[in-house]
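Listed here are the chains, written in short residue letters.
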Amino acid sequence: MYMIPILIGVTFLTFMLFNLFGGDPAIRFAGKHATAEQVQVIRAELGLDRSLPEQYFFFVKQIATFDYGRSWASKQLISTMITDGLGATLSLTAPAFFASIFFCIGLALFSVYGRGTVFDRGTVVVCLGLLSISSLVYILGLQYLLAFKGGIFPISGWDPSWIGRWEYLMLPWLILFVLSLGPNILIYRTVIMDEAFQDYVRTARAKGLAEKHVYAKHVLKNAMIPIITVIVIEMPFLITGSVLIENFFGIPGLGGTLIKALNDSDFPTIKAFTVISALTYMVFNLLADVLYSLVDPRVKLS
């Protein structure tokens, strides 16, 4: 139920920011050389000649019906632009995202299991090194070495068919996977390390449980709540996409659509993306609450 007041607040703030503080959209849409009569006609077409409450309820209706009107720049339906870009964005982000989660949790678990060893210290040093390098270096470096010089992957491009697009996604997946290693492994390792020294873990060891069972059944299970929090915070990235990767590799996803809308001052598209981003965060926060109750029986949904 807490989502309802948040949703009302988000729609109200978005409406106020774009309609009251963003300047006159009709003048921006008409251009510098438009006459006053032309601006007035455009204002009527955009519904800006209505009262503010009427404009707000029309905006809420657009959100409820997923009908955000047409883009000022391309004249396409914004809902069509979003659905067209969503498939490309999910093809790019989802495989790398889920592969990274399982790999990072597994590596963090092994690192804590062998804490203080060369493997553990080496993992921390490598992760700090990965974290300290800019994402642009990974993109440009791997694109140059593996695509331009090595010829292992295409430099950029896109195939609309589901079968043909994988060839163009292999290198972006690799880059997204490498980018996630440093921060995720360090966070997961810290969370698992905190649980590994709790009293219930000592009790489990005192009962004679094997170390692998202690980690798999007790430490990992209790570390999952903060891990789920981190994962859910990152999940909206699946929808909004990786702006840099999409632009460097020519992938027609939602990130590129948003950048183009910002460059063109395409207010309806930007407003639609703002609301959808907020809704996405709310939905994934709700998903986190459900997952908490599944992992920890003490957490009750009310």
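The model shown is predicted, which means the values in this text are computed figures rather than measured ones.

**Q** What should I look at first to understand the layout of surface pockets in this one?
**A** If a probe the size of a water molecule is rolled over the atoms, the empty space left behind becomes visible. Put simply, the largest pocket is a space of about 590 Å³. Residue lining of the largest pocket: 24 residues in total, with L46, F58, Q62, W72 and P268 positioned closest to the centre. Listed by contribution, the elements that provide at least two residues to the lining of the largest pocket are helix 1 (3-20), helix 2 (25-30), helix 4 (52-65) and helix 14 (267-295). The residue inventory of the lining of the largest pocket, partitioned by class, reads 13 nonpolar, 6 polar and 5 charged. Forming the walls of the second largest pocket are A96, F97, S100, I101, L176, L179, S180, P183, N184, E234 and F237. Of all elements in the fold, only helix 5 (78-113) and helix 8 (166-196) reach the threshold of two or more residues within the lining of the second largest pocket. Tallied by class, the residues present in the lining of the second largest pocket amount to 7 nonpolar, 3 polar and 1 charged.

**Q** How do you make sense of the packing of helix 10 (residues 211-234) against helix 14 when you look at a structure like this?
**A** Describing two packed helices takes the angle between their axes plus the distance from one axis to the other. One can describe the packing of helix 10 onto helix 14 by two numbers: an axis separation of 9 Å at closest approach and a directional angle of 170°. With respect to each other, helix 10 and helix 14 are oriented roughly antiparallel. Touching K221, M224, I225, I228, T229, V232 and I233 of helix 10 are Y281, F284, N285, A288, L291, Y292 and V295, all from helix 14. Classifying every residue of the contact of helix 10 with helix 14 by side-chain character gives 11 nonpolar, 2 polar and 1 charged.

**Q** For this particular structure, what's the right way to read the packing of aromatic side chains?
**A** The relation between two aromatic rings is expressed through the spacing of the ring centres and the mutual angle of the planes. Tallied over the entire structure, the rule returns 11 aromatic pairs. Ring plane angle 25° and centroid distance 5.6 Å describe the contact between Y144 and F148, whose orientation is recorded as stacked. Placement of both Y144 and F148 in helix 7 (residues 135-149) is noted, with a separation of 4 residues, approximately one turn of the helix. Looking at F148, the relative accessible area reads 53%, which means it is exposed. These aromatic residues form a ring-pair network of at least three members: F12, F15, Y56, F57 and F59. R165 extends its terminal NZ or CZ atom over the ring of W162, reaching a point 4.0 Å from the ring centre.

**Q** Would you mind going over the nonpolar core with me for this structure?
**A** Nonpolar side chains in soluble globular proteins generally cluster together in the buried interior. Residues Y68, I82, Y188, I192, I227 and I231 are the most contacted members of the largest nonpolar core, which totals 48 residues. At the level of elements, helix 4, helix 5, helix 6 (118-131), helix 8, helix 9 (199-206), helix 10, helix 11 (236-240) and helix 14 are the ones that each hand at least two residues to this core. Excluding its chain neighbours within four sequence positions, the residues that come into contact with I227 are I105, Y188, V191 and I192. Within the second largest apolar cluster, 17 residues are counted, among which are A88, A147, W173 and I245.

What counts and what doesn't
Residues numbered from 1 in each chain as written. Predicted model: local features only at pLDDT ≥ 70, side-chain atom pairs only at ≥ 80, totals over all residues. Heavy atoms only, no water. 1 Å grid on protein atoms, 1.4 Å probe; cavity = no way out; pocket = protein on both sides within 12 Å on 5 of 7 lines; lining within 4 Å. Points joined across faces, edges and corners; volume = space filled by probe spheres on them. Helix = DSSP H or I, 4+ residues; strand = E, 2+ residues; numbered from the N terminus. Nonpolar A, V, L, I, M, F, W, Y, C, P; charged D, E, K, R; others polar. Axes fitted to C-alpha atoms, helices over the stretch in contact; angles between N-to-C directions. Parallel < 35°, antiparallel > 145°, perpendicular 65-115°, else oblique. Contact = heavy atoms within 4.5 Å. Phe/Tyr/Trp six-rings, centres within 6.5 Å; stacked < 30°, edge-to-face > 60°. Buried < 20%, exposed > 50% of the residue type's maximum accessible area, 1.4 Å probe, protein only. Lys NZ or Arg CZ within 6 Å of the ring centre and 35° of its normal. Core = buried A, V, L, I, M, F, W, Y, C linked by side-chain atoms within 4.5 Å.

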